[in-house]
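For reference, the chains in residue letters:
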Amino acid sequence: MPGREEFASMGPALRVPGLRLEGKDAVGRSIEYHRPSSLADACELLRQFGDTAIPLAGGTDVVVDLRRGAKAPKHLVSLAGLHGLREISLGGGMLRIGALVTPAQLQSSEEVLSSRPELLDAVGVFGTPQVRNRATVGGNLCTAASCADLTPILLALDARVGLATPEGPRGIPLVDLFGDHRATLLRPGHLVSEVMIPAKGPGEGAAYEAFGLRATNSITVAGAAAYLLLEEGQCIGARLALGAVAPTAFLVKAATEVLVGTEGGDAELEEVGRLAAVEAAPISDIRGSEVHRRELVERLAVRAFQAARRRAQ
Ligand SMILES: Cc1cc2nc3c(=O)[nH]c(=O)nc-3n(C[C@H](O)[C@H](O)[C@H](O)COP(=O)(O)OP(=O)(O)OC[C@H]3O[C@@H](n4cnc5c(N)ncnc54)[C@H](O)[C@@H]3O)c2cc1C
């Protein structure tokens, strides 16, 4: 079997490099650690083990889940040996970000700065320097948390994801990746290999605004990402994605309907904000009430569109 290492059989003191994860889960069951060196082998291992295996990228979600017993896989399939997934490239009008690229890498990438600097709005509120150096873009999407900060801006930018599957590679719109709360629609053996985002063109602007209980390293209470395409003062394209206010991040239908064909003035933006607050389906929890989250959506949507408009102009 490719890249297989039996951590449990080598004793509980052995650790996954860099993660300090012992070879047992929270209730003492053994976990086998696999480190394939090709995407094909990784997909094959995941297909073979089915729902007893999970992929491991940066581990900033997986390890927390293992420690608190929220996940109990028999196999961890590490993606660390898949070096091709750490690359960022720009060509043919498309920015391609490998699934293992970290937020810190996005921050220092010339390709991101020149073609999609709006992504850095989400990186700016993302965790701590340690988390930004460890977490991955693919992991952020596949954790399918509604509060994941990269998802709304990528949805607003109409991103697609490249999938590696036992049947070969294919691409899907990012919006089709998500099932329900914390669940992707990926089948066993399927991995996200990259994210593809159209490079910024003339008249385009996007922005992400998030509210958390601290400026950074706090779970987003509500987030809004806006995209505008302006031509001769008219809005000919608009998208708004919301995070943390429904079971998954989602695109607000009303944004396109209200804004396209207008000048995208403040009155229209405020109308979109109001409709977005209605379309949202937030919960009340320790970080904020449903009512507070709806108010946040209204304000954050307007602010994100105003910033997107400035950038588009
Ligand atoms: C202290 C702390 C602060 C944090 N702050 C933030 C924050 O501000 N904003 C934010 O959005 N998140 C934050 N997070 C959550 C986490 O860091 C991110 O969701 C991160 O991007 C997950 O990436 P990872 O590589 O660590 O994923 P992992 O933990 O390795 O994996 C997450 C999930 O995705 C699956 N997976 C990973 N890669 C793939 C792939 N390529 N294909 C298919 N499935 C895959 C795994 O099986 C797992 O289910 C924080 C976490 C911690 C511990």
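Every chain begins its residue count from 1, and numbering advances along the sequence as written. Local features in this predicted model are restricted to residues of pLDDT 70 or higher, and side-chain atom pairs are both shown and tallied only at a pLDDT of 80 or more, whereas totals for entire chains, interfaces and linings draw on every residue. In computing side-chain properties, one takes all heavy atoms of the structure into account and sets aside hydrogens as well as water.

Take the site of the ligand next. Near residues are defined by distance, with any heavy atom within 4 Å of the molecule or strand qualifying the residue. The full set close to the ligand counts 28 residues, and Pro55, Gly58, Thr60, Asp61 and Thr136 are the nearest of them. Between an oxygen atom of the ligand and a main-chain N or O atom of Val125, the distance comes to 3.4 Å. Polar contacts, as used here, are pairs of N or O atoms within 3.5 Å; protein pairs need one atom able to donate a hydrogen and one able to accept it. Residues neighboring in sequence count only if both atoms are side-chain atoms. Within the side chain of Asn140, one N or O atom sits 2.9 Å away from an oxygen atom of the ligand. About the coverage of the ligand: the protein hides 86% of its 980 Å² of free accessible area. Elements with a contribution of two residues or more to the shell around the ligand: strand 5 (53-56), helix 7 (137-142) and strand 11 (191-198). Top element by residues in the shell around the ligand is helix 7. It accounts for four residues. For this classification, Asp, Glu, Lys and Arg are treated as charged, while Ala, Val, Leu, Ile, Met, Phe, Trp, Tyr, Cys and Pro are nonpolar and the rest, including Gly, are polar. A breakdown of the residues in the shell around the ligand according to their chemical character gives 15 nonpolar, 10 polar and three charged. Boundary definitions for the domains trace back to an automatic or database domain assignment. Residues from two domains meet in the shell around the ligand; each of domain 1 (4-78) and domain 2 (85-198) gives at least three. Areas reported here follow the Shrake-Rupley algorithm with a probe of radius 1.4 Å; residue values treat only the protein chains shown as occluding. Helix and strand assignments follow DSSP, with helices taken as H or I runs no shorter than four residues and strands as E runs no shorter than two, numbered in order from the N terminus.

Quick look at the sheet that holds strand 10 (residues 170-173) now. Hydrogen bonds between backbone atoms are what pair the strands of a sheet, whose relative direction is either parallel or antiparallel. Paired strands are those between which DSSP finds at least two bridges. Overall, antiparallel pairing links the five strands, which are arranged 7-8-11-9-10 in an open sheet. The sheet is open, and its two edges are formed by strand 7 (88-91) and strand 10, each paired on a single side. Across the sheet, the mean angle from the axis of one strand to that of its neighbour is 25°, orientation sign disregarded. In this sheet, strand 11 lies alongside strand 8 (residues 94-98) in antiparallel orientation, the contact comprising five bridges. Paired with Arg96 across the two strands is Met196, which belongs to strand 11. Any two residues whose heavy atoms approach within 4.5 Å are treated as being in contact. Axis angles are defined between N-to-C directions and span 0 to 180 degrees, where every axis is a line fitted to C-alpha atoms and, for a helix, only to the segment in contact. Sheet strands touched by helix 1 (residues 39-49): strand 9 (160-164) and strand 11. Its angle to strand 11, the strand with the most contacts, is close to 125°.

This part covers helix 1. Regarding helix 1, the residues found buried are Ala42, Cys43, Leu45, Leu46 and Phe49. Around the axis of helix 1, the buried residues are gathered within 160° of arc, so they sit on the same side. Just downstream of helix 1, Gly50 is the residue with a positive phi angle, here 55°. Only protein chains enter the accessibility calculation, which uses a 1.4 Å probe; a residue whose area is less than 20% of its type maximum is buried, one above 50% is exposed, and one in between is partly exposed. Our arc is simply the arc of the directions from the helix axis toward the C-beta atoms.

Basic side-chain nitrogens of Lys or Arg form a salt bridge, by our definition, when they fall within 4 Å of a carboxyl oxygen of Asp or Glu. Following the criterion strictly, the structure yields 13 salt bridges and no others. Here Glu118 and Arg116 are joined by a salt bridge, their closest N and O atoms 3.0 Å apart. Of the two residues examined, Glu118 and Arg116, each falls in the buried class. Notably, a salt bridge pairs Asp285 with Arg293, separated by 3.1 Å at the nearest N-O pair. Three or more residues joined by partner-sharing salt bridges are found here, namely Asp65, Arg68 and Lys71.

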